[in-house]
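Listed below, chain by chain, are the residues.
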Amino acid sequence: MQSEVSRTVDSISQRIVDLLREGREREKRQTSFYRRLAAAAEDQDRPDDVERLNEILADEQHHLSRLTARLMELGDQPPDLSPSEGTADLDGWEAEARAREAGEVAFYKSALTRSLDDRTREILQEILHSECQHREQLRGKWMSA
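A. Here's a closer look at the nonpolar core. One finds L19, L20, L67, Y108, L116, L124 and L128 to be the most contacted residues of the largest nonpolar core, which totals 17 residues. Mapped onto this core, the elements with two or more residues apiece are α1 (4-43), α2 (47-73), α3 (93-111) and α4 (118-137). Other than its neighbours up to four places away in sequence, L124 contacts L19, L20, L67, Y108, A111, L112 and L116. If you look at the next biggest cluster of nonpolar residues, it comprises 14 residues, including L37, A41, W93 and L138.

Here it is, written out as structure tokens:
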């Protein structure tokens, strides 16, 4: 029979996996959003927007990779994620992006209030810092290699 301590550890581990999987899904939606916008900016010959959007896209892809790697370190096999569907409207993209980034900041702040192992906490803190910068500046390149 499994001990109470062992069940508690398994329960915490499963909650961390669930949290990381949710973060991954959120990051995949963000990468799809910024990829569509960057492509539209390229099509409309808006080089400043292309640069900004690709910078944020690179960070969001990095977040997705970090969360995926952490799940694998924890013994999880993360499912493949399909790109989210949607249109890219460059008119007012900044307002939509800022609102989405505010949602990401809220998610990571909430995640950091949970019981986490040190490595997961460190990763989530780094991502939160990046998301705060995205929200404030709508630029990327906040993640270290």
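B. A look at the packing of aromatic side chains. In this structure the tally under the stated criterion is 2 aromatic pairs. The interplanar angle of 65 degrees and the centroid separation of 4.9 Å between the aromatic rings of F33 and Y34 together place this pair among those described as edge-to-face. Judged by its relative accessible area of 0%, Y34 falls in the buried class. Taking the centre distance of 4.9 Å and the plane angle of 80 degrees together, the rings of F107 and Y108 count as edge-to-face. An identical accessibility class is assigned to F107 and Y108; each is buried. Looking at R100, its charged tip hangs above the ring of F33, at a distance of 3.9 Å from the centre.

C. Main features of the pattern of salt bridges. Applying the stated criterion across every chain, the model contains 13 salt bridges. Residues R52 and D49 are paired through a salt bridge, measuring 3.8 Å at the closest nitrogen-oxygen approach. Here the residue R52 and the residue D49 both occupy positions in helix α2, the gap between them amounting to 3 residues, near one helical turn. You can call R52 buried: its relative accessible area is 14%. By relative accessible area, which is 10% here, D49 ends up buried. Between E55 and R139 there is a salt bridge; the shortest N-O distance is 3.2 Å. With E55 in helix α2 and R139 in the segment after α4, this residue pair connects regions lying 84 residues apart in the sequence. Classification of E55 as buried rests on a relative accessible area of 12%. Its relative accessible area of 29% is what places R139 among the partly exposed residues.

D. Representation of α3. Across its 19 residues, α3 extends 27 Å between first and last C-alpha, which sits within 8% of the 27 Å expected from 1.5 Å per residue. By the burial criterion, the buried members of α3 are W93, A97, E101, E104, V105, F107, Y108 and A111. Along the axis of α3, the buried residues cluster in a sector spanning 160 degrees; they form a single face. Away from its buried face, by an angle of more than 90 degrees, α3 presents the exposed residues A95 and A99.

E. Focus on the side chain of R70. Following the sequence through the fold, R70 ends up in helix α2. Sequence-distant contacts of R70, that is, excluding residues within four places in its chain, are made with L20, D117, R119, T120 and I123.

F. Representation of unusual backbone geometry within the structure. With phi around 50 degrees, D45 is a residue other than glycine that occupies positive phi space. Relative to the helices and strands, D45 resides in the loop between α1 and α2. One non-glycine residue, L138, lies in positive phi territory at about 50 degrees. Tracing the backbone through its elements, the reader meets L138 in the segment after α4.

Cut-off values and rules
Counting from 1, residues in each chain are numbered in the order their sequence is written. Note on the predicted model: pLDDT of at least 70 is required for a residue's local features to be given, and 80 or more for side-chain atom pairs to be given and counted; whole-chain, interface and lining totals, by contrast, use all residues. The side-chain values count all of the structure's non-hydrogen atoms but skip hydrogen atoms and water molecules. By nonpolar core is meant a set of buried Ala, Val, Leu, Ile, Met, Phe, Trp, Tyr and Cys residues that side-chain atoms within 4.5 Å join together. Exposure classes here rest on a 1.4 Å probe applied to the protein chains alone. A residue is buried below 20% of its type maximum, exposed above 50%, and partly exposed in between. Helix and strand definitions here come from DSSP, where helices need a minimum of 4 consecutive H or I residues and strands a minimum of 2 consecutive E residues; each element is numbered from the N-terminal end. In this description, contact between two residues means that some pair of their heavy atoms is separated by no more than 4.5 Å. The rule is short: rings of Phe, Tyr and Trp, with Trp giving its six-membered ring, pair when the centres are within 6.5 Å, and they are stacked under 30 degrees, edge-to-face over 60, tilted in between. In this analysis the charged atom, NZ for Lys or CZ for Arg, is taken to sit over a ring once it is within 6 Å of the ring centre and within 35 degrees of the ring normal. Salt bridge criterion: a side-chain nitrogen from Lys or Arg within 4 Å of a carboxyl oxygen from Asp or Glu. A helix is expected to span 1.5 Å for every residue after the first. This arc is taken over the directions from the axis of the helix to the C-beta atoms.

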